[in-house]
Amino acid sequence: MSNVYLITGASSDVGIALIRRVLQPEDVVIAQGAGDLSGLAQLCQDYPGQIRTYDVDLTDEAATELFIRDVAANYPLPTHIVHLPALRVINTKFKNFDEERFDKDLSVQVRSAVKICKTFVPKMAKAKRGRVLFMLTSYLLGMPPKNTAAYVMAKSTLQGLAKSLAADYAGTGVTVNCVMPSMMETKFLADTSDLIVQASAEANPMGRNARVSDVVPAMAFLLGEEAGFITGVTLPITG
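Residues numbered from 1 in each chain as written. Predicted model: local features only at pLDDT ≥ 70, side-chain atom pairs only at ≥ 80, totals over all residues. Heavy atoms only, no water.

### Side note on the pattern of salt bridges
Point 1. Using the criterion set out here, one finds 5 salt bridges in the structure.
Point 2. A salt bridge links Arg20 to Asp46, with the shortest nitrogen-to-oxygen separation between them at 2.7 Å. With Arg20 in helix 1 (residues 13-22) and Asp46 in helix 2 (residues 38-46), this pair connects stretches of sequence that are 26 residues apart.
Point 3. What makes Arg20 partly exposed here is its relative accessible area of 36%.
Point 4. Among the residues examined, Asp46 registers a relative accessible area of 38% and is labelled partly exposed.
Point 5. A salt bridge links Asp214 to Arg208; its shortest N-O distance comes to 2.8 Å.
Point 6. Asp214 gets classed as partly exposed once you look at its relative accessible area, which sits at 28%.
Point 7. Here the residues in one salt-bridge network are Glu61, Glu65 and Lys115, joined through shared partners. (Salt bridge = Lys/Arg side-chain N within 4 Å of Asp/Glu carboxyl O. Helix = DSSP H or I, 4+ residues; strand = E, 2+ residues; numbered from the N terminus. Buried < 20%, exposed > 50% of the residue type's maximum accessible area, 1.4 Å probe, protein only.)

This is the structure we're talking about:
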């Protein structure tokens, strides 16, 4: 049975690796990125006709709604929704909390997820088939690192959405889960100091930060048929 993957943040390191992991010959991926879609170019060459890319700024409400309408009008109903995007973490003291940037991150992480799920999840439930997966952070486990309030607040809200969707749609054939990796050394850390990255690695019991290759297999499992009796779960991938 073929799958239709709607992946937001698909141009990220995780998004690209996940597509390579799960894509089968009859599948289609609707891949959203913002600004730099160069990472998806090679995928389009390797899987001709299977990757449909969209350059959409999710902080732009009108552009986001146009993207969702276009997907709904021009593609089969998604069988899988994977929501990965977030603004990069900027470590800053709370007294310098940037409310304008936080509002943009809410649009990228939460508002876009609400709009996408509102459009497609009820239809997936009627079709009695679907997987929804959100990217969270291990910062939600226990006490978060200092100076990360904006990022933690946005991810906490996204986790609340995931839990609510899981409860609302349990028993319909649609599962809603999350992965919660510790710090991954990807381009997402471009605005994080090397000292913070090194300290995170040294504090981890395995002596290193997470890799994309640690996280993607767990994501693929939760998106697979074998995980049909798992919903409302947040899976830590932390070493």
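Structure's up, so let's keep going.
### Describing the sheet that holds strand 6 (residues 174-181)
Point 1. One open sheet accounts for 7 strands, arranged 3-2-1-4-5-6-7; its pairing is parallel. Edge strands, defined here as strands with exactly one partner in the open sheet, are strand 3 (51-55) and strand 7 (234-237). Adjacent strand axes in the sheet meet at a mean angle of 15 degrees, parallel and antiparallel pairs treated alike.
Point 2. Pairing of strand 2 (residues 28-33) with strand 3, which is carried by 5 bridges, proceeds in the parallel orientation. Counted as the bridge partner of Val29 is Ile51 from strand 3. (Pairing = 2+ DSSP bridges. Axes fitted to C-alpha atoms, helices over the stretch in contact; angles between N-to-C directions.)

### Observations regarding the packing of aromatic side chains
Point 1. Using the criterion set out here, one finds 5 aromatic pairs in the structure.
Point 2. Between the aromatic rings of Tyr54 and Phe67, the centroid separation amounts to 5.0 Å while the plane-to-plane angle is 65 degrees, which identifies the pairing as edge-to-face. Placement of the pair is Tyr54 in strand 3 and Phe67 in helix 3 (residues 61-74), with a sequence separation of 13 residues. (Phe/Tyr/Trp six-rings, centres within 6.5 Å; stacked < 30°, edge-to-face > 60°.)

### Considerations on the nonpolar core
Point 1. Val132 and Phe134 are the most contacted members of the largest nonpolar core, which has 40 residues in total.
Point 2. Broken down by secondary-structure element, the contributors of at least two residues to this core are strand 1 (4-8), helix 3, helix 4 (99-127), strand 5 (130-135), helix 5 (149-169) and strand 6.
Point 3. Filtering out sequence-adjacent residues up to four positions away, Val132 remains in contact with Ile81, Cys117, Val121, Met124, Val174, Thr175, Val176 and Asn177.
Point 4. Counting residues in hydrophobic clusters, the runner-up holds 32 residues, among them Leu23, Val29, Tyr47 and Ile51. (Core = buried A, V, L, I, M, F, W, Y, C linked by side-chain atoms within 4.5 Å. Contact = heavy atoms within 4.5 Å.)

### Considerations on the side chain of Ser182
Point 1. For Ser182, the location among the structural elements is in the loop between strand 6 and helix 6 (194-203).
Point 2. For Ser182, a relative accessible area of 12% puts it in the buried group.
Point 3. If we ignore the near neighbours within four places in the chain, the residues touching Ser182 are Ser138, Asn204, Ala210, Ile237 and Thr238.

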